[in-house]
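Notes for the structure review
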Amino acid sequence: MPSLRRSTLALFAAAAVTALAGCNGEGGGFAGGSALGGDGGAGSSANISSLTEVIRANPNDPNAYNLRGTAYARSGDSRAAMADFDAALKIDPGFYRAWANKGLVLRQIGQLEPARQAYDRALAIKPDYSAALLGRGNVYRHMGQLQPAIADFNDAIRVDPRSAGAYHDRALVKQTLGDRSGAMADYSAAIERDASAPEPFNARGLLKAAEGDLRGALNDFNGALNNDANYGEAWINRGVVEEQLGDRQDALAACQRGVSLVPQSQLGQECVKRLTRRS
C-alpha cells in the first residue's frame, strides 16, 4: 500500500499542474446591456426570436444586436453571434461590451490573437472593464504568456476585489508557474467570494492531495460535488483519495460514477480497474 500511495500522490501532483490547463476560466463572460449572469434561458430559441423582434422594431439599437449575439453565443452559434456583435459595433464602434463579447467568442473558437485584439479595443475604451481584463488574461494564459496574464488578473482584482473568477484564473497561472502556495491562497480566496462554484474546490483539493493532505482534499472534492453532482473529475478525485484512506467500497463507487461522466479519464479508468481487481 505505501508504494501505491506514493504513485497515486505522484499522479495527483501531476494533475495539480495539468488538470485545469484547458480550463477556460470563470471570468470574462458575456456582457449584455445589463449583466446577464448565468441565465439558462438566454440562449433559447424563444429568447432569440424575441430579440429578433426587438431588432426589427429598433434596427439601429446596438444593445439589441449585442443581446442577441450573446444569446446566439450561448446557444453555440458562434457565427451568428459574431455577425451580431459586428453589427452592434458598426452602429457604435465605442460599444466596449460588444468588443469584449466578440473577444470571448473568438477565444472560444480558438482564434486567440483576434480575441486579444478585440479585448484590447474594449480596454482602450474602458480600461477598468473587469470582464475584458479577465477575458484577455485568459487569452494570454492560453497563449502561454503567463506574466501578462497575471498582470491582467491583478488589474481585475484591483478593479473588483470581490471577483471570484479573477482569483480562480490567477490561481491557474500560479499553478502553471509552480507557485503552489500562491495558487492555494487564490483558490481559497475564490471560494470565500463564491462558495457555489465547484472548480476552485476541485483545484484546491488536487493541490492538497499532492501535498499529502488527503482529508483536506476529500473535504474539497465533496465541496465541489455539493455544488455540481455531475462533476466527473471531482468524483474520480474523491474516489482515489478514498482509496488511499482505506475506504475501498466508496472509492470504487465514486470512481465508477466519475467514469460514467468522464469516460476518457485515464485516472478514473485505472481506479476502477484497480479496485475491481481487488474486490
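Basis of the calculations
Residues numbered from 1 in each chain as written. Predicted model: local features only at pLDDT ≥ 70, side-chain atom pairs only at ≥ 80, totals over all residues. Heavy atoms only, no water. Helix = DSSP H or I, 4+ residues; strand = E, 2+ residues; numbered from the N terminus. Buried < 20%, exposed > 50% of the residue type's maximum accessible area, 1.4 Å probe, protein only. Contact = heavy atoms within 4.5 Å. Areas by Shrake-Rupley, 256 points an atom, 1.4 Å probe, with all protein chains shown as cover. Salt bridge = Lys/Arg side-chain N within 4 Å of Asp/Glu carboxyl O. Core = buried A, V, L, I, M, F, W, Y, C linked by side-chain atoms within 4.5 Å. Disulfide = S-S within 2.5 Å. pLDDT = per-residue confidence, 0-100. Expected span 1.5 Å × (residues − 1). Axes fitted to C-alpha atoms, helices over the stretch in contact; angles between N-to-C directions. Parallel < 35°, antiparallel > 145°, perpendicular 65-115°, else oblique. Left-handed = near helix turned anticlockwise from the far one by under 90°. Nonpolar A, V, L, I, M, F, W, Y, C, P; charged D, E, K, R; others polar. Phe/Tyr/Trp six-rings, centres within 6.5 Å; stacked < 30°, edge-to-face > 60°.

To continue, consider the overall build of the protein. When its secondary structure is counted, the protein shows 15 helices and zero strands. Evaluated residue by residue, the protein yields a buried proportion of 51% over its 279 residues. Counted over contacts in the protein with a minimum sequence separation of 6, partners at least 24 positions apart contribute 56%. By element, 49% of the accessible surface of the protein is carried by carbon and sulfur atoms, the whole surface being about 12,400 Å².

Take the pattern of salt bridges next. Overall, the coordinates contain 16 salt bridges when judged by the stated rule. Among the ionic pairs, arginine 136 bridges to aspartate 120, the shortest N-O distance being 2.8 Å. Residue arginine 136 is found in helix α7 (residues 130-142), and its partner aspartate 120 is found in helix α6 (residues 112-125); the two are separated by 16 residues along the sequence. One salt bridge in this structure joins arginine 238 and glutamate 242, with 3.2 Å as the shortest N-O distance. Of the two residues, arginine 238 and glutamate 242 both sit in helix α13 (residues 232-244), four residues apart, roughly one turn of that helix. Here the salt bridges share partners, and the residues they tie into one network are Glu113, Arg116, Asp120, Arg136 and Asp152.

Before going further, it helps to examine the nonpolar core. If you look at the biggest cluster of nonpolar residues, it comprises 46 residues, and the most contacted ones within it are Tyr129 and Ala132. Here this core gets seven residues from one element, more than from any other, and that element is helix α5 (residues 96-108).

Counted by the stated rule, this structure contains one disulfide. There is a disulfide in this structure between cysteine 255 and cysteine 271, and the S-S distance comes to 2.1 Å. For the disulfide bridge between cysteine 255 and cysteine 271, the dihedral angle about the S-S bond is near 85°, and by the sign convention the bridge is right-handed. Taken together, the residues span a long stretch of sequence, with cysteine 255 in helix α14 (residues 248-261) and cysteine 271 in helix α15 (residues 266-278) at a distance of 16 residues. Cysteine 271 gets classed as buried once you look at its relative accessible area, which sits at 0%.

Let's shift gears to the confidence of the model for the protein. Caution applies to low-pLDDT parts of the model: their predicted coordinates are not meant to be read in detail. Of all residues in the protein, 84% have pLDDT values of 70 or greater, and the mean over the chain is 88. Ranking the elements of the protein by mean pLDDT puts helix α1 (residues 2-18) last with 50 and α6 first with 98. Low pLDDT (under 50) marks residues 16-26, which in the prediction has 32 contacts with non-local residues, meaning those over four places away or in another chain. Confidence drops under pLDDT 50 across residues 32-40; counting only partners more than four residues distant or on other chains, this segment forms 12 contacts.

This part is about helix α11 (residues 198-210). Between its first and last C-alpha atoms α11 spans 19 Å; for 13 residues at 1.5 Å apiece the expected length is 18 Å, and the two agree. Within α11, 12 of the 13 residues are buried, leaving the element largely enclosed by the surrounding structure.

Now for the packing of helix α4 (residues 78-91) against α5. Put simply, α4 and α5 touch, their axes get as near as 9 Å, and they point 155° apart. Between α4 and α5, the angle is such that the two are roughly antiparallel. Relative to α5, the crossing made by α4 is left-handed. Between α4, through Ser78, Ala81, Met82, Phe85, Asp86, Ala88 and Leu89, and α5, the contact on the second element is made entirely by Ala98, Trp99, Asn101, Lys102, Val105 and Leu106. Residues belonging to the contact of α4 with α5 are distributed by class as follows: nine nonpolar, two polar and two charged.

A word on the packing of aromatic side chains. Under the defined criterion, the tally for this structure stands at one aromatic pair. For the pair tyrosine 96 and tyrosine 129, a centre-to-centre distance of 4.8 Å together with 75° between the ring planes defines the contact as edge-to-face. Taken together, the residues tyrosine 96 in helix α5 and tyrosine 129 in the loop between α6 and α7 connect sequence positions 33 residues apart. Considered together, tyrosine 96 and tyrosine 129 belong to a single accessibility category, that of buried residues.

All right, on to the environment of alanine 88 then. Mapped onto the fold, alanine 88 is located in helix α4. Overall, the relative accessible area of 0% leaves alanine 88 in the buried class. When the C-alpha atoms of alanine 88 and asparagine 60 are compared, they prove to be 8.4 Å apart, with 28 residues separating the residues in sequence. Excluding residues within four positions of it along the chain, alanine 88 makes contact with Pro62, Tyr65, Asn66, Phe95 and Ala98.

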